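An overview of the molecular structure
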Amino acid sequence: MKGLRVLMLRLAGLFGGAQRERELTEELDSHLQMHIDDNLRVGMTPEEARREALLRLGGVEQTRQAYRERSTLPLFEILVQDVRYSLRGFARSPIFTITAIVTLMLGIGATTAVFSVVDRILFRALPYAHADRLVSVGLVQSLETQEFMLGGFYYDWRNGQKPFEAMTSENAVTGVCDLTERNPAQLSCPLVEANFLPVLGISPVLGRNFLPEEDRPGGPKVALISYGLWLSHYDRDPGILNKTIDIDGQPVRVIGVLPKDFEMPRLQAADVLFPMAADEATDRKSNSGLGGPKRVFARLKPGVSVEQAHAELEPLFERTQKWIPAEIRSNFKLKVRSLRDRQMQDVHLTAWVLLGTVFAVLLIACANVASLLMARAAVRRRELAVRSALGASRARLACQALTEAVLLSLAGAVAGCVLAEGLLHVFLALAPAGIPYLDKVHLDLRIVGFTVALSFVCGALFGLAPALERPREGMLTGRFPGSISHGTVRQWLVVGQIAASMVLLTGALLLLRSFWNVQNQQLGMREDNTLTASVTLGEHNYAAPESKMVFFQQLATRLRFGPGVSVVSVSDSLPPADGHGGMRYGEILVAGRPRSAEGAGAVVKERWVSPEYFRALDIPIVRGEGFREEELGSSDHFVVLSEQLAGLLFPGQDPVGKRLNFDHVSFSDAPWYTVTGVAANVKNGGLTGEEEPEFYKLRRDRAEDWAGNGRWGQTSVIVLRSSLAPAEMSRWIRSQVAALDPTLPVDIATLQQRVSKLADQPRFQTTLVGFFAAIGLVLAVIGLYGVIAFLVAQRTQEIGVRMALGAARGDILRLVMGRSLRLIVCGTVAGLAAALAVSRVLSSLLFGVGSHDPVTFALVTLLLIVVALLATLVPARRAASVNPMEALRAE
Amino acid sequence: MGDKADVWQGTLALMVLKTLEAMGSMHGYGIARRIEQTSGNLLSLNYGTLYPALLKLEQEGSIAAEWGVSENNRRAKFYRLTRAGKKQLEKEAQSWGQTTAIVARFLASSEDPV
């Protein structure tokens, strides 16, 4: 208590110092007077009396100092002094201050913003207990690159495995289901095993998990609902427990509510969780004897690594392989990876690239601040020498230097945080849909702290160095051998900066060229004036293939008579997006040829289309003809091949009229398709993927052609060309869909929008890396300019002497530029080497341009050299215009 | 002056408090003089050190100060003991007594032949 009181009083003592000083003076005066009075009384002379009184007091000034130290907090007072002094110093050299703060702002702001994004992707804790032990397990093949398992072998694995504590699965296809009570809605409804939540380490916030008996065929109909559904439809009423709700027209009892932050391991939407309710025997036989497809997750035993688990599963995998048909066996691989990897896919690489980029920017920024502080220190050596001569201790000088570094870092940090907040908004606006969690990103204070600490350390380090140096003789006169060592360090810093920005620029330009290629490639179809509408039918209301067919036929008919509509087509999917509908090349059987396993794994795209499809997308038919209206009613099957597939199947022959069988592996009575024509190739493997061979099946007016199930089977896409504006047209399409079924959601976009969305990821990468490269370049140029300008300033006298001795302006210009060129060349060469090594990382992000693209490297080198030379031209010209007389007089 | 003992740290505060207890209200010069007299002129007090000590005691709330007029009609700052100061004095006097008693006993015992 007493300590606190004293501290407060002393803090208060920091203010009102003048008043206190006056009082003390008065008190000491009266003390001396009384003492002198006493001395006079004992018979001293006035001089003696005064002298004796002063002696006994021990010096007025010392007393005053001791008193002052006692009345305030001396350390604190020094701090206040230092801050004030630093601020005055900053105000005296505004250019230095602004440059330093802006540099720090860019460094801290960019790093913080990117770190905040990347942190969620790379380092975020998944919302599961001990998430680091969760893995995704399964087989992969060319048609399905994400791990999956089939009921036919899943149970053998589950019972025979050793590396896992437990395995669990969800149905590979997450179906849609309809809430069919008041306020109906289409929901996403994953099917999971009863042990799904326990294996993930999640317990419901309300109610309980599934019981084993609920996970059996014919068990009671129960479900867990998501927190979101509980909130939006049931007002967070705890009474929802054990109530029944109507899903797909059936009563389902709610046994629990999922936690707010629950997410499926594959991050798909989940409104209602159902138990899979499949017993082993039935499941093994389903899906034409293969077993139901599943996504399998497992919890590693403590201490078991992913690699160990992979090795231990190898025997099970070998047994399973024997069960796969021989033609395609070699196409299947075992894959075990951490859940985080499964979720992040290739976003990982983007995240690391971004992280590397900002780290380079941060380094450049730090080098700049260091360089600035060193230049400032060199200029201020004389001042330091004076202060040290006046009695400032080294600790005191160091303290002052530290204060400056802290102030700069603080100012930079505040500005940086503002910048980071702004940058985050830009990121969110730019970011492609595929980056998980981006909507939850926010500025992370830990990261702000980290960057501020880093900038402070770099500031303190270089600010302290000169202050700690032993004051040398001659410093006061300003005659000392110059700041040779500092000069060298600063030059090395500039070389490093140039090298780093070289790497950044190379990366940015490579990505830019790649993005250019992505944007300007030939898609093989027309995108303008084309509207697309994707509709997914509920599995309950549209279970029969017939009903799907009728719905889309009716919709197409309604749309065909719309205002300004010239063509309407219906297909199950659209290029250039990748991702669904395909088969292995080796499975295609040509009539009159033996079966072959040749090129077994290569993927061939398959698409169900209506006759208008080619006209709607303007895909030319290069041979034979497209589908005809009258074929819609035929009992025969028709197919159009892409040029690429025709070339593969019938090299040098006319494919028209040939007959193909696509499903003979699964069904011995699979239908034969007659080739009616060949269509030009279309970009169909995503914007950056390989162009794949493709065939189009005519979707006739027969229920058998609409039999697909799952989400893909329920979805069709309408392509529509109209002379009306897209906004008007989409309203009209919505009204037409609603007229048929008001509960159906419709996803409408122009074809251009859909294509552009596919380019989101490259656009995101390119913009960010380009942005940081620009920042890096600007900072490096500022650094170079600073160093050269400083060198010129330091050598003004020497230049004056040279000119007095007859050097021409050109000689001086050459002298300075030569110095600068040396730095630039060193930096560029180092940068080239680093860029060559680093750019390989980017190769999987690049499209149509090699990671060692010579044009890019040449351009970057040229750009860097030109910009850097320009940056040195200003100080060089100043040096050349030095007036020898003035320069010498300055001596 | 050579034979006089310096005032060692910590005891000055105690002396000030005791002086103020005895004299009631007193100014700095008076306190200094009184301490010297009480010590039988054995102590050499550097008067200057008194003022930071007074300030410390004031900050701790043991004494309070106000301006007044001295016996010689001079304006001076007078210090007096507060209630908290009295308590502190008691406490410190007691602990000081203990310390000296212990030291005294210690010295006495070492002189005795065992």
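How each quantity is defined
- Residues numbered from 1 in each chain as written.
- Chains lettered and ligands numbered in written order.
- Predicted model: local features only at pLDDT ≥ 70, side-chain atom pairs only at ≥ 80, totals over all residues.
- Helix = DSSP H or I, 4+ residues; strand = E, 2+ residues; numbered from the N terminus.
- Contact = placed C-beta atoms within 7 Å.
- Buried ≥ 20, exposed ≤ 12 C-beta atoms within 10 Å, placed from the backbone.
- Expected span 1.5 Å × (residues − 1).
- Bend = angle between axes of the 7 residues up to and from the residue.
- Core = buried A, V, L, I, M, F, W, Y, C linked by C-beta atoms within 7 Å.
- Pairing = 2+ DSSP bridges.
- pLDDT = per-residue confidence, 0-100.

The next point concerns the overall build of chain A. Counting its regular elements, chain A contains 28 helices and 25 strands. Looking at chain A alone, contacts between residues at least 24 apart form 82% of all its contacts between residues at least 6 apart.

Below, the discussion takes up the overall build of chain B. A count of helices and strands for chain B gives four helices and five strands. Along the chain direction, N to C, the helices and strands of chain B fall in the order β-α-β-α-β-α-β-β-α. Counting across all 114 residues of chain B, residues that qualify as buried make up 27%. Within chain B, contacts between residues separated by at least 24 positions form 51% of all contacts whose residues are at least 6 apart in sequence.

Residue and element names in this part refer to chain A. When the terminal C-alpha atoms of helix H11 (residues 306-323) are compared, their 25 Å separation across 18 residues agrees well with the 26 Å that a helix rising 1.5 Å per residue should span. Roughly 40° is the biggest bend found in H11, and it falls at Glu 314, with proline Pro 315 one to four residues downstream. When we look at burial in H11, the residues that qualify are Ala 309, Leu 313 and Thr 320.

Residue and element names in this part refer to chain A. Residues Ile 498 and Leu 784 are the most contacted members of the largest nonpolar core, which totals 101 residues. Those residues within four positions of Ile 498 in sequence are excluded, and the remaining contacts are Ala 780, Leu 784, Ile 824, Gly 827, Thr 828, Gly 831, Leu 864 and Ala 868. Formed by 54 residues, the second largest nonpolar core is a distinct cluster that contains Val 137, Met 167, Leu 273 and Ala 298.

What follows covers the sheet that holds strand S5 (residues 75-81) of chain B. Residues and elements named next belong to chain B. Spatial strand order, S2-S5-S4: three strands in an open sheet with antiparallel pairing. With one partner strand each, in any of the chains shown, strand S2 (26-27) and strand S4 (63-69) form the two edges of the open sheet. For S4 and S5, the ladder comprises seven bridges, and the chain directions are antiparallel. Its bridge partner lying in S5, Ala 64 is registered against Arg 80.

Residues and elements named next belong to chain A. By secondary structure assignment, the location of Gln 714 is in helix H21 (residues 710-714). The class for Gln 714 is buried, based on 20 C-beta atoms found within 10 Å. Taking the C-alpha atoms as reference points, Gln 714 and Lys 548, separated by 166 residues in sequence, lie 7.4 Å from one another. Residue contacts for Gln 714: discarding those within four places in its chain leaves Val 176, Thr 536, Leu 537, Glu 539 and Tyr 542.

Our focus in this paragraph is the interface of chain A and chain B. Across the boundary between the two partners, chain A contributes 22 residues, which contact 19 residues of chain B. Looking at the side of chain A that touches chain B, the elements with two or more residues in it are helix H1 (2-13), helix H2 (17-41), helix H3 (46-57) and helix H4 (60-71) of chain A. No other element matches H2 of chain A, which puts seven residues into the side of chain A that touches chain B.

Attention shifts here to the environment of Val 535 of chain A. Residue and element names in this part refer to chain A. Mapping Val 535 onto the fold places it in strand S14 (residues 530-536). Using a count of 22 C-beta atoms within 10 Å as the deciding quantity, one classes Val 535 as buried. Measuring from C-alpha to C-alpha, the distance between Val 535 and Val 746 comes to 5.1 Å, with 211 residues separating the pair along the chain. Leave out the neighbours within four places in its chain, and Val 535 touches Thr 715, Ser 716, Val 737, Leu 744 and Val 746.

A few words on the confidence of the model for chain B. Mean pLDDT over chain B works out to 82, with 88% of the residues at or above the 70 mark. Here the complex is predicted with pTM 0.67, and the ipTM for its interfaces comes to 0.85.

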